[in-house]
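Given next are the chains, with one letter for each unit.
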There are 2 protein chains.
Amino acid sequence: MNAINSAEWRIRMADGSFENLAPESSPITRMYLSFERFLKNLILIVRRFLEKSWNIGKNEPRKVIHCLKVGIALSIVSLFYYMRPLYNGVGGTAMWAVMTVVVVFENTVGATLYKCLNRATGTFCAGFLAIGIHWIANQSGKRFEPIIMGASIFILASAATFTRFIPAVKARFDYGTMIFILTFTLVSISGYRVENLLNMAHERVSTIIIGASLCVITSILIFPIWAGEELHKLVISNLEKLAESLDCCVAEFFSVSEDTTTNTKKMLAFKCVLNSKASEETMANFARWEPAHGLFNFQHPWGKYLKISASMRSCACCIEALTSCINQKDQASELLKNQLTNTCQQVSSSTSEILKELALNMKTMRKSSRMDMLIQEKSNAIQELETLMERLSGLLIIQPKNDQEKPVIRTSSTNVIPLVEIIPTATFASLVIEIATRIEGVVDVVEELSKLAKFKLEDVDMMIKQNKPVIKNVIN
Amino acid sequence: MNAINSAEWRIRMADGSFENLAPESSPITRMYLSFERFLKNLILIVRRFLEKSWNIGKNEPRKVIHCLKVGIALSIVSLFYYMRPLYNGVGGTAMWAVMTVVVVFENTVGATLYKCLNRATGTFCAGFLAIGIHWIANQSGKRFEPIIMGASIFILASAATFTRFIPAVKARFDYGTMIFILTFTLVSISGYRVENLLNMAHERVSTIIIGASLCVITSILIFPIWAGEELHKLVISNLEKLAESLDCCVAEFFSVSEDTTTNTKKMLAFKCVLNSKASEETMANFARWEPAHGLFNFQHPWGKYLKISASMRSCACCIEALTSCINQKDQASELLKNQLTNTCQQVSSSTSEILKELALNMKTMRKSSRMDMLIQEKSNAIQELETLMERLSGLLIIQPKNDQEKPVIRTSSTNVIPLVEIIPTATFASLVIEIATRIEGVVDVVEELSKLAKFKLEDVDMMIKQNKPVIKNVIN
């Protein structure tokens with residue numbers, strides 16, 4: 001209908017184009033059209049939103065499970081209202097149980113525990129303090145009571161807010177401090193009007209405990225997501241990504257590999273390492289609250305994971321610089337490249353081998369006996385590359401400014417290469433050595449972690465290694 | 001007393017050391033001692049905590065002001081309880097006003113607005129929906145009512161929780177979604193028991209509005225801290241730090257500067273750029289909610305700041321790699337270093353000049369007419385360095401493996417340098433060029449920002465530049 005309408009009113013212009021000469025549509029038509037456009041846009045937005053949601057759900061089904069868990073917990077807690085005997089038990093304060101569930105239920109067990117414990121402690125401390133101050137205010141007579149209460153609210157709220165800026169408090173007790181302020185103020189001002197303060201406090205605490213324990217039970221028993229385990233997996237995958245990136249970069253520079261599209265994706269895997277700082281810190285904070293689970297004890301040294309990541313990031317920075325060399329690889333002298341290819345690849349492959357071994361060690365929570373050998377191999381490879389570069393002497397010819405011709409000196413074993421063609425390969429080799437050196441930082445922290453977390457030695461070597469010092473002592 | 005006691009019971013051992021032979025102390029003494037130790041530790045911890053707090057307060061007085069603001073807002077809101085006429089107005093639901101103030105009051109105006117608007121919208125939507133569903137459930141009879149209510153809670157809570165995983169929703173409406181779930185559940189289950197549902201909803205909404213507007217007024221009127229302004233300042237200071245780091249690295253490598261301690265600190269300033277991603281993202285999220293303030297309009301393009309930071313981080317990564325060259329500077333051949341010093345310094349100084357100019361442009365919100373000139377200067381410097389490196393030809397001599405002696409060929413203008421001594425300087429120069437190239441990414445994004453935020457041209461040039469196209473059109 002619309003198309004016919006517009007065709008009817010179309011005229012051909014002087015330059016051959018068409019122009020619409022449709023009559024001005026009536027306000028109703030315009031309103032209808034704009035409404036139609038609005039509806040189409042709305043449908044489009046909703047469709048995109050649903051598609052995105054569907055993808056998230058498909059890729060990470062655990063997120064969907066978490067949502068169902070929240071639904072279950074809330075449905076259970078609302079039963080308190082529907083069932084008369086339960087309702088009479090906790091009374092109107094069942095609201096606090098609902099509120100606790102909504103506010104406290106988080107994706108990971110650690111986050112849920114952090115919030116539950118903080119909420120319980122904050123409520124308890126603030127409740128006690130508020131009742132104490134209320135008692136004092138009560139003793140000092142009707143005239144001073146509001147003044148004492150007001151002043152205590154102002155001072156304690158300000159002080160508690162201030163502690164939230166202290167990093168150590170922020171990491172562990174941020175939520176607890178907020179709940180402290182909230183409870184203190186509520187109990188203080190209620191005390192001024194509510195007669196049966198202790199009863200109210202008791203009801204509130206008991207409903208919070210009901211809500212909190214419901215959350216903890218649901219989050220631990222139904223498909224638990226442990227912050228510690230997530231952190232562990234993330235660090236392992238980052239180690240693997242770093243190894244992959246390094247391998248790909250070297251292969252790309254020396255043009256060994258051909259499949260460029262998947263290669264570029266793998267090459268840039270190190271960016272995950274650079275970008276995961278914030279999420280790692282959050283996870284480590286939550287992991288501290290988790291009980292023993294899977295391979296991890298309570299108080300597993302989660303802080304070390306952050307150190308591992310910091311060391312990895314310093315390597316990833318070098319890989320980032322390495323990628324810029326790849327853009328200049330066409331300038332690089334083929335001769336020098338051929339000379340260095342093998343040794344450079346040896347350095348990088350022994351480095352990525354170490355990274356993969358570290359990832360495997362962490363995955364199995366075992367100390368590898370191969371590690372010392374791999375590190376030795378890597379040091380040898382670096383040594384070899386450095387010796388090779390020492391043997392490759394450069395006869396640096398400094399040409400006078402106006403003489404643009406290059407000197408033509410050629411023997412069987414000498415080749416004139418302008419510095420500009422040496423640089424890409426030289427930079428590349430130097431960065432590969434730097435990465436190989438920085439990896440030792442990662443190895444050291446993983447070693448510290450393995451000591452603190454009491455990684456077991458691998459089966460066969462364990463016997464030999466454990467016997468050795470015994471024999472030695474006997475001989476001495 | 002203690003010291004005398006222990007000296008009395010000390011005996012000299014065979015190897016010359018002393019050992020205490022004090023008699024086993026009584027349980028009371030031990031308890032007293034351990035209590036004393038505990039007390040001392042406690043005092044030490046408290047003292048350290050207070051010292052740390054004092055330092056935070058001294059360094060950032062605005063944090064102290066924020067705490068006082070929270071105190072003031074809470075004291076005002078608790079007045080509702082103390083004053084009888086106000087109390088009678090809002091009744092027992094004054095609790096919601098207190099809760100809103102505690103939960104919603106954040107450090108920056110943007111964060112406070114984000115939470116207020118989210119809380120208000122979430123409460124409103126959920127309230128409406130819950131009342132609607134409650135009406136439907138009411139119509140379907142006593143038997144189906146709990147089933148409909150329970151199912152709606154389960155479905156809506158799960159769905160709303162799921163949307164919190166979608167990045168776009170999480171960035172803007174995370175808090176609102178939580179409040180939606182909370183309010184929906186509370187109103188749903190209250191509706192089952194409370195008769196006067198609409199009245200309750202009205203009271204709750206009005207107290208939330210009282211609390212929220214109190215927060216917004218306090219946070220905007222008393223020493224406001226704007227998230228946008230903070231982000232703006234952070235990005236500017238990061239630009240300056242990057243320039244400083246680059247200058248220091250180059251000076252350090254070519255050993256121009258002498259004061260090493262302050263230099264090392266300045267050299268590592270780029271680490272701030274690498275580590276500020278998370279805080280920048282948070283600030284940009286909050287800045288979106290802020291009204292026009294200072295130099296910024298409402299809906300100032302805050303997203304561009306994140307892009308500027310991303311470009312800066314890629315430069316900072318190269319500087320990180322640069323610092324590793326500095327550790328090898330003793331290996332570097334003096335001859336080559338001397339050849340490149342001036343040009344390298346030119347490249348780096350023109351690059352840092354651009355960074356400083358960008359920082360200045362952003363600070364004054366003006367487009368500099370010098371920028372094109374500076375970029376030209378930088379390109380010339382890069383060109384010069386590359387020409388110089390082309391003129392510095394290297395006569396690459398590949399020695400046979402067993403021949404460890406270096407060839408002794410010396411003329412007036414040729415010098416034999418092993419590749420290993422060329423590499424540090426070559427890598428350094430190549431990284432400096434890379435940084436100088438990557439800076440263009442920062443320049444481009446700042447250019448985009450300046451267009452979107454309508455930066456003004458600088459005074460003198462403005463007239464000329466604006467007239468030019470007019471004249472051109474007339475001539476055409």
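Residues numbered from 1 in each chain as written. Chains lettered and ligands numbered in written order. Predicted model: local features only at pLDDT ≥ 70, side-chain atom pairs only at ≥ 80, totals over all residues. Heavy atoms only, no water.

- Under an unreviewed UniProt entry, the name given to chain A is Aluminum-activated malate transporter, and the source organism is Solanum pinnatisectum.
- Looking at the Sequence similarities (unreviewed entry) heading of the UniProt record, one finds this comment for chain A: "Belongs to the aromatic acid exporter (TC 2.A.85) family."
- A UniProt comment under Subcellular location (unreviewed entry) is attached to chain A, and it reads "Membrane". (UniProt positions renumbered as here; feature names shortened; annotations may be inferred.)

1. Observations regarding the overall build of chain A
Link 1 in the chain: What chain A contains, in helices and strands, is 18 helices and 6 strands.
Link 2 in the chain: Counting across all 476 residues of chain A, residues that qualify as buried make up 48%.
Link 3 in the chain: Residue pairs at least 24 apart in sequence account for 77% of intrachain contacts in chain A once pairs closer than 6 positions are excluded.
Link 4 in the chain: For chain A, the exposed area adds up to about 24300 Å²; of that, 61% sits on carbon and sulfur atoms. (Helix = DSSP H or I, 4+ residues; strand = E, 2+ residues; numbered from the N terminus. Buried < 20%, exposed > 50% of the residue type's maximum accessible area, 1.4 Å probe, protein only. Contact = heavy atoms within 4.5 Å. Areas by Shrake-Rupley, 256 points an atom, 1.4 Å probe, with all protein chains shown as cover.)

2. Let's talk about the pattern of salt bridges
Link 1 in the chain: Summed over all chains, the structure comprises 41 salt bridges over all chains.
Link 2 in the chain: A salt bridge links Lys-367 of chain B to Glu-447 of chain B, with the shortest nitrogen-to-oxygen separation between them at 4.0 Å. Of this pair, Lys-367 of chain B sits in strand E3 (residues 366-367) while Glu-447 of chain B sits in helix H17 (residues 419-452), and the two are 80 residues apart along the sequence.
Link 3 in the chain: Linked by salt bridges that have partners in common, Lys-271 and Glu-320 of chain A together with Glu-434 and Arg-438 of chain B make up one network. (Salt bridge = Lys/Arg side-chain N within 4 Å of Asp/Glu carboxyl O.)

3. Topic: the UniProt feature "transmembrane region" (unreviewed entry) in chain A
All names here are of chain A.
Link 1 in the chain: Per the UniProt record, the feature "transmembrane region" (unreviewed entry) sits at residues 89-109, 116-135, 147-166, 173-193 and 205-227.
Link 2 in the chain: Between the C-alpha atoms that bound residues 116-135 there is a distance of 28 Å. The span itself is 100% helix and 0% strand.
Link 3 in the chain: Within the segment residues 205-227, helix and strand shares are 78% and 0% respectively, and the terminal C-alpha atoms sit 27 Å apart.

4. Details of the packing of aromatic side chains
Link 1 in the chain: Tallying each qualifying case throughout the model produces 20 aromatic pairs over all chains.
Link 2 in the chain: For the ring pair Phe-254 of chain B and Phe-428 of chain B, a centre distance of 5.6 Å and an interplane angle of 85° mean the geometry is edge-to-face. One end of the pair, Phe-254 of chain B, is in the loop between helix H10 (227-253) and helix H11 (260-267); the other, Phe-428 of chain B, is in helix H17, and 174 residues separate them in sequence. Grouping residues by exposure puts Phe-254 of chain B and Phe-428 of chain B together as buried.
Link 3 in the chain: Ring centres 5.1 Å apart and planes at 55° place the aromatic pair Phe-296 of chain B and Trp-302 of chain B in the tilted group.
Link 4 in the chain: When its relative accessible area of 4% is taken as the criterion, Trp-302 of chain B is described as buried.
Link 5 in the chain: Chaining the aromatic ring pairs together yields one cluster made of Tyr-114, Phe-173, Phe-286 and Trp-289 of chain A.
Link 6 in the chain: Here Lys-337 of chain A stacks its cationic end above the ring of Phe-253 of chain A, 5.2 Å away from the centre of that ring.
Link 7 in the chain: Its end group placed over the ring of Tyr-175 of chain B, Lys-115 of chain B keeps NZ or CZ at 4.9 Å from the ring centre. (Phe/Tyr/Trp six-rings, centres within 6.5 Å; stacked < 30°, edge-to-face > 60°. Lys NZ or Arg CZ within 6 Å of the ring centre and 35° of its normal.)

5. Quick word on the nonpolar core
Link 1 in the chain: Within the largest apolar cluster, 143 residues are counted, with the highest numbers of intra-cluster contacts made by Phe-428 of chain A together with Phe-428 of chain B.
Link 2 in the chain: With near-sequence residues (within four places) excluded, Phe-428 of chain B lies in contact with Cys-249, Val-250, Phe-253, Phe-254, Leu-322, Cys-325, Ile-326 and Cys-344 of chain B.
Link 3 in the chain: Membership of the second largest hydrophobic core comes to 89 residues, among which are Ala-130 and Ala-212 of chain A together with Phe-180 and Phe-184 of chain B. (Core = buried A, V, L, I, M, F, W, Y, C linked by side-chain atoms within 4.5 Å.)

6. Describing helix H2 (residues 27-59) of chain A
Link 1 in the chain: Given a rise of 1.5 Å per residue, 33 residues ought to cover 48 Å, and the 48 Å separating the end C-alpha atoms of H2 of chain A matches this to within 8%.
Link 2 in the chain: Turning to H2 of chain A, its buried residues number three or more, namely Ser-53, Ile-56 and Gly-57 of chain A. (Expected span 1.5 Å × (residues − 1).)

7. Details of the environment of Lys-52 of chain A
Link 1 in the chain: Positionally, Lys-52 of chain A belongs in helix H2.
Link 2 in the chain: Residues Lys-52 of chain A and Ser-34 of chain A lie 18 residues apart in sequence; the distance between their C-alpha atoms is 27 Å.

8. Side note on the confidence of the model for chain A
Residues and elements named next belong to chain A.
Link 1 in the chain: The predicted model of chain A has a mean per-residue pLDDT of 80, with 80% of residues at 70 or higher.
Link 2 in the chain: Scored below 50 in pLDDT, residues 1-7 makes 2 contacts in the model with residues more than four places away or belonging to other chains.
Link 3 in the chain: Across residues 400-412, confidence stays below pLDDT 50; counting only partners more than four residues off in sequence or on other chains, it has 16 contacts.
Link 4 in the chain: The complex prediction reports pTM at 0.82, with the ipTM value standing at 0.80. (pLDDT = per-residue confidence, 0-100.)

9. What to know about the packing of helix H15 (residues 334-364) of chain A against helix H17 (residues 419-452) of chain A
Geometrically, a packed helix pair is captured by the angle between its two axes and the distance between the axes.
All names here are of chain A.
Link 1 in the chain: Contact geometry for H15 and H17: axes closest at 10 Å, N-to-C directions at 20°. The pairing of H15 with H17 is recorded here as roughly parallel in orientation. In this structure, the crossing between H15 and H17 has a hand that is left-handed. For the pair H15 and H17, the contacting residues are Leu-336, Lys-337, Leu-340, Cys-344, Val-347, Ser-348, Thr-351, Ile-354, Leu-355, Leu-358 and Met-362 in the first and Ile-422, Thr-425, Phe-428, Ala-429, Val-432, Ile-435, Ala-436, Ile-439, Val-442, Val-443, Val-446 and Leu-449 in the second.
Link 2 in the chain: Class assignment for the residues of the contact of H15 with H17 results in 19 nonpolar, 3 polar and 1 charged. (Axes fitted to C-alpha atoms, helices over the stretch in contact; angles between N-to-C directions. Parallel < 35°, antiparallel > 145°, perpendicular 65-115°, else oblique. Left-handed = near helix turned anticlockwise from the far one by under 90°. Nonpolar A, V, L, I, M, F, W, Y, C, P; charged D, E, K, R; others polar.)

10. Remarks on unusual backbone geometry
Residues and elements named next belong to chain B.
Link 1 in the chain: For Gln-299, which is not a glycine, the phi torsion comes out positive at approximately 65°.
Link 2 in the chain: Mapped onto the secondary structure, Gln-299 falls in the loop between helix H13 (277-287) and helix H14 (302-327).
Link 3 in the chain: Look at Lys-454: it is not a glycine, yet its phi comes out positive at around 55°.
Link 4 in the chain: Its place among the elements puts Lys-454 in the loop between H17 and strand E6 (456-457).

11. Remarks on the side chain of Glu-320 of chain A
Link 1 in the chain: With respect to the helices and strands, the residue Glu-320 of chain A is situated in helix H14 (residues 302-327).
Link 2 in the chain: Once residues lying within four places of it in the same chain are set aside, the contact partners of Glu-320 of chain A are Phe-270, Lys-271 and Leu-274 of chain A together with Ser-314, Cys-317 and Arg-438 of chain B.

12. Quick word on the environment of Lys-367 of chain B
Link 1 in the chain: A relative accessible area of 25% places Lys-367 of chain B in the partly exposed class.
Link 2 in the chain: C-alpha of Lys-367 of chain B to C-alpha of Lys-451 of chain B: the two residues are 84 residues apart in sequence and 9.2 Å apart in space.

13. Quick word on H10 of chain B
Link 1 in the chain: In this model, H10 of chain B (27 residues) spans 38 Å end to end at C-alpha, consistent with the 39 Å of a helix rising 1.5 Å per residue.
Link 2 in the chain: Phi for Ser-255 of chain B, located one or two positions after H10 of chain B, is positive at around 50°.

14. A closer look at the environment of Ser-78 of chain A
Link 1 in the chain: On the secondary structure map, Ser-78 of chain A appears in helix H3 (residues 61-82).
Link 2 in the chain: In this structure Ser-78 of chain A comes out as buried when scored by relative accessible area, which is 1%.
Link 3 in the chain: Taking the C-alpha atoms as reference points, Ser-78 of chain A and Ala-94 of chain A, separated by 16 residues in sequence, lie 8.4 Å from one another.
Link 4 in the chain: Beyond its immediate sequence surroundings of up to four residues, Ser-78 of chain A is in contact with Ile-153 and Ile-189 of chain B.
Link 5 in the chain: A polar atom in the side chain of Ser-78 of chain A sits 2.8 Å from the backbone oxygen of Ser-75 of chain A. (Polar contact = N/O pair within 3.5 Å; in protein donor to acceptor, adjacent residues only side chain to side chain.)

15. Comments concerning the packing of helix H16 (residues 370-391) of chain B against H17 of chain B
Residues and elements named next belong to chain B.
Link 1 in the chain: Orientation of H16 relative to H17, taken along the N-to-C sense of each, is 155°, at an axis distance of 11 Å. The orientation of H16 relative to H17 falls into the category roughly antiparallel. The element H16 and its partner H17 pack so that their crossing is left-handed. Each of Ile-375, Lys-378, Ile-382, Leu-385, Glu-386 and Met-389 in H16 lies in contact with H17, whose residues at this interface are Ala-429, Ile-433, Ala-436, Thr-437, Glu-440 and Val-443.
Link 2 in the chain: Split into classes, the residues belonging to the contact of H16 with H17 amount to 8 nonpolar, 1 polar and 3 charged.

16. Considerations on the side chain of Glu-280 of chain B
All names here are of chain B.
Link 1 in the chain: Inspection of the secondary structure assignment puts Glu-280 in helix H13.
Link 2 in the chain: A polar side-chain atom of Glu-280 sits 2.9 Å from a polar atom in the side chain of Ser-309.
Link 3 in the chain: Excluding residues within four positions of it along the chain, Glu-280 makes contact with Leu-231, Leu-234, Val-235, Asn-238, Leu-306, Ser-309 and Arg-313.

17. Let's talk about the state of the cysteines
Link 1 in the chain: Scanning the model with the defined rule gives 0 disulfides over all chains in all.
Link 2 in the chain: Residue Cys-248 of chain A stays outside any disulfide, its sulfur separated by 7.2 Å from that of Cys-249 of chain A, the closest cysteine.
Link 3 in the chain: We note that Cys-318 of chain B lacks a disulfide partner, and the nearest cysteine sulfur, in Cys-315 of chain B, lies 6.9 Å from it. (Disulfide = S-S within 2.5 Å.)

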